[in-house]
Structure formats: C-alpha cells, structure tokens
Amino acid sequence: MNDHHFFRQVINNLHAQGLNRFLQPVVQLPEGRIASGDKLFLNLSSNDYLGLSQQPELKEAAIEATRRWGVGAGASRLICGNHELYEQLEERIARFKGTAAAVVFASGYMANTGVISAIAAKGDCIFSDELNHASIIDGIRMSRGQLFVYRHNDMDHLEELLSLRPASGKAIVITDCVFSMDGDLAPLERLVAIRKKYGCLLIVDDAHATGVLGRSGGGLAEHLNIVGEIDATVGTFSKALGSLGGFVAGSNDLIDFLVNRARSLIFSTALPPSILAANIAAIDLTVNSPRLREKLFDNTHTLLYNLRKMGFQIGPTETPIIPLMVGETAKAVLLAAQLLKEGLLVKPIRPPTVPNGGARIRITASAAHSPEDMESALAAFIKVAEAVKSRQNVSLGAAL
Ligand code: PMP
C-alpha cells in the first residue's frame, strides 16, 4: 500500500505552523557574497568564519590533489581508501589541538556519532548539556549508554546528576564548546575540574571554536590555556576551516580504539584526496593567520555594538555567532524575508532547532567581509527596524 499521503500530511502540518523547510540553489562567492538565481546577497548566515572556502591556497591544493590522484577514495579507510594524505592531516590536527593523535571522519556529524556510540557502552551514563548539537544527540541515541540531560551550562545540576549515578560503568560528560545557535561558551574550566573530581570522561565538540578561538585558532581549550585536559575533542573542517570533514583528537589509545570501534569511520567511504589536501592547507593557513581572526572579531563587534544600540535583543554571545532573538516563528520568518529584500542573507532559526518560542535570526560575519560591508548590513537593519516601527500592526516583539 502506498503511504505517500503520510508525507503530504506531515508537510501540510509543517506549513500550517510556518515550519516547512525547503532547499534553495545558491552559489557561494568570494568576499562573503552568495548568489541565488540572478540576485547577489551579503552572506551573513554561513559558518565560513575566516572566508577559507574561497581561499586560493585551499583551491589550489584541492585541484592539484585531484589532478594527481582523481576524485574518489574508492573504499572505506580500513579497506583501501586510506590515502597517504590522511597521515599528514592527522599529524597536523594533533599538533593544532595539542593532543598525541587524531583521526579524521567524513564529517563533524559522523565524528560525533562515531565517537559517542563507540565509547558509551551498556551500563555507562552520559551527561549531556540540554543545548548540545543534534549530532551529539544522535550519537547518544545510537549508543547503549543511559542519558542524563543537565540544564544549559549548569554545573551544579551536572554535579547533582553525577553524584546520583550508579557506581559501575563509565561516566561520560559531553558538551559543545560554542553553542551553535546562541554563541555562548561552555564553562570548560569547571568541566575539567568536574572531570578530575568524578573521574569521568570529557568529550567536547569544538566545531565553532576551531579556527576562531585561541592564539593559533586551536579552539576553546587553547583560548583558556587548558590543552591536554580533555579526553576527546571533536572538530570539523566545515566551518572556519572552510572545507569538509570531521575529526576527533585525543590520546593514542583513544584513536586506536576509534579506528576499531567507530562505525561511522569503519562503514563509510573515505574522503577524497582533494578534501584532505584542502584541509591540510586550511590548518596551515589558520595557524599562520591571526589577522583573519582579528578581522572576524572586528566585524562581529561592529555588528553587535550597533545592533544592540538599535534596540535589537541579542542573546549572550561571546563568539561570532550573533543570535537576534525574536520569539515567535512567524516574526523571525518575516524579519529574515525583509532583510533578504535589502540584500542580506540571514536565516530564521526555528523549532525544533531551537526551543519553542525561541525563534531567532542567526547572524554571522566573516573575515572575508569588509568594514564597508558591515556598514551596508547595518543600514539594512536600520531600514527594516524603521519600517517595522512605522507599521504599528507589524510588531516584531522581542526583536526590537
Ligand atoms: N557540531 C556542531 C556544534 C555543529 O554546529 C555542526 C554543524 N552544524 C556539527 C557538529 C556537524 O559538523 P559537519 O557539518 O562537519 O557535519
């Protein structure tokens, strides 16, 4: 029996709630621009924080590797897909993260699902921040561990839950370093102290901190000077590093264990040489380009300062992720549509990505943007804010 009416019913329900999603063809361009059809926008919604996706060094590395070795890996890493560039890349990651070793996965999503489901066995307890990324949540679902969710960044609550756990089995604490929809930081120093006090394993997802925080872009642990105090650091090449792929950095034993146990590594085809070569170039460029991080934060501070001055309500961010809080889903969709008309690509973030009533516009500048770009972005925000204020019947509530 054909059940396609079920699919239509779900889509109709999503439409009714303003939650329907669809895919839109776009082309990423240099200087933080994006094209859709014949229209050009300032892209304030990507995670390409340093603008590396368009950098000549990465492009050349990928093209050269493709010419030499072709486009596909041919098999999983354990069969015959483990190109020699993997070794160079993993050695670079370990140095970048200050760990003994590292292992590359096909994406950050697969790194999280792989590491969590491999480590958390039956009888283990997993303690997870309530705002952790979906890939962490899915990794926990794929594992045999028992889940305990602690309130966002609430270390007292985490300790309370840890003290109630059964004596047997491992205790595993998992957190994002930068929360992707809010831009705030995990209290990593306290988490490290809790790791020592309770003898638990600490897994952190450094996706949005890698390339962004720390002197050489090494992430939150480097920023706080506590490198070496974390059991497993997950990262991705898909954000500040401008490309594709994920990784886990940690001890030699952890990495050997993952090669033998992480199903998303074992049962999926290896990355192609082009991506491995681009990722090596990305780490080198990131480590050697503090100026890109300065530009990123200059642009971010310009936006933050002026949006707050205009009266927009911004969440408690400490990173280039700027959450412009709106509340109602329909209002976030309307605001994003108005900004799009003014030439800014920003996206409304709606449930279930954020809690009900927590719809927002997530804004991210990049090092690829110029100070003039920030001025024109702010001019668009002013125009939209004024239009909203002058039309009493269209109130954007918390957004202004
Ligand atoms: N962790 C976090 C915090 C993320 O934001 C993302 C991407 N949205 C991922 C993991 C997954 O990384 P990737 O896109 O490389 O699969």
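Keep in mind that this is a model prediction, so the values were computed, not measured.

Draft legend 1. A look at the site of the ligand. Close to the ligand lie 14 residues, the nearest being G108, D205, H208, T236 and K239. Between the ligand and the protein, one listed contact pairs an oxygen atom with a backbone N or O atom of G108 at 2.8 Å. H133 is positioned such that a nitrogen or oxygen atom in its side chain is 3.3 Å from a nitrogen atom of the ligand. Relative to its unbound accessible surface of 390 Å², the ligand loses 83% to contact with the protein. Among the elements that line the shell around the ligand, the one with the most residues is helix 5 (residues 108-119), at 3 residues. Across the shell around the ligand, the residue classes break down as 2 nonpolar, 9 polar and 3 charged.

Draft legend 2. Spotlight on the pairing of strand 2 (residues 33-36). Inspection of the sheet shows strand 1 (residues 27-29) paired to strand 2 by 3 bridges, in the antiparallel sense. Residue Q28 lies in a different strand from strand 2, and its bridge partner there is I34. A loop of 3 residues connects strand 1 with strand 2, the two strands running antiparallel in sequence, and E31 in this loop sits at a positive phi of about 60°. Of the pairings in the sheet, the one linking strand 2 to strand 3 (residues 39-43) comprises 4 bridges and is antiparallel in character.

Draft legend 3. Spotlight on the sheet that holds strand 2. Ordered in space as 1-2-3-12, the 4 strands form an open sheet in which the pairing is mixed. A single partner strand is all that each edge strand has here, and the edge strands are strand 1 and strand 12 (344-345).

Draft legend 4. The arrangement of a nonpolar patch on the surface in detail. Residues F6, F7 and V10 make up a contiguous nonpolar surface patch of about 290 Å² in total accessible area. Within the secondary structure, V10 sits in helix 1 (residues 4-16).

Draft legend 5. Local environment of the packing of helix 5 against helix 10 (residues 252-261). Contact pair helix 5 / helix 10: the axes reach a minimum separation of 10 Å and the direction vectors enclose 95°. One way to sum up the angle between helix 5 and helix 10 is to call them roughly perpendicular. From helix 5, V115, A118 and I119 reach across to helix 10, where they touch L254, F257, L258 and R261. Each residue belonging to the contact of helix 5 with helix 10 can be placed in one class, and the counts come to 6 nonpolar, no polar and 1 charged.

Draft legend 6. Seen up close, the pairing of strand 14 (residues 359-364). A large share of strand 14 lies buried, amounting to 6 of its 6 residues. What you see with strand 14 is no split at all: A359, I361 and I363 on one side and R360, R362 and T364 on the other are buried throughout. Pairing analysis gives 6 bridges linking strand 11 (residues 321-327) to strand 14, with the strands arranged antiparallel. Across the sheet, the residue bridging to M325 is R360, located in strand 14.

About the cut-offs
Residues numbered from 1 in each chain as written. Predicted model: local features only at pLDDT ≥ 70, side-chain atom pairs only at ≥ 80, totals over all residues. Heavy atoms only, no water. Near = heavy atom within 4 Å. Polar contact = N/O pair within 3.5 Å; in protein donor to acceptor, adjacent residues only side chain to side chain. Areas by Shrake-Rupley, 256 points an atom, 1.4 Å probe, with all protein chains shown as cover. Helix = DSSP H or I, 4+ residues; strand = E, 2+ residues; numbered from the N terminus. Nonpolar A, V, L, I, M, F, W, Y, C, P; charged D, E, K, R; others polar. Pairing = 2+ DSSP bridges. Patch = residues over 30% accessible without salt bridge, like charges linked within 9 Å, V, L, I, M, F, W, Y side chains within 5 Å. Salt bridge = Lys/Arg side-chain N within 4 Å of Asp/Glu carboxyl O. Axes fitted to C-alpha atoms, helices over the stretch in contact; angles between N-to-C directions. Parallel < 35°, antiparallel > 145°, perpendicular 65-115°, else oblique. Contact = heavy atoms within 4.5 Å. Buried < 20%, exposed > 50% of the residue type's maximum accessible area, 1.4 Å probe, protein only.

So far we have only geometry, and geometry alone does not tell us how the molecule works.
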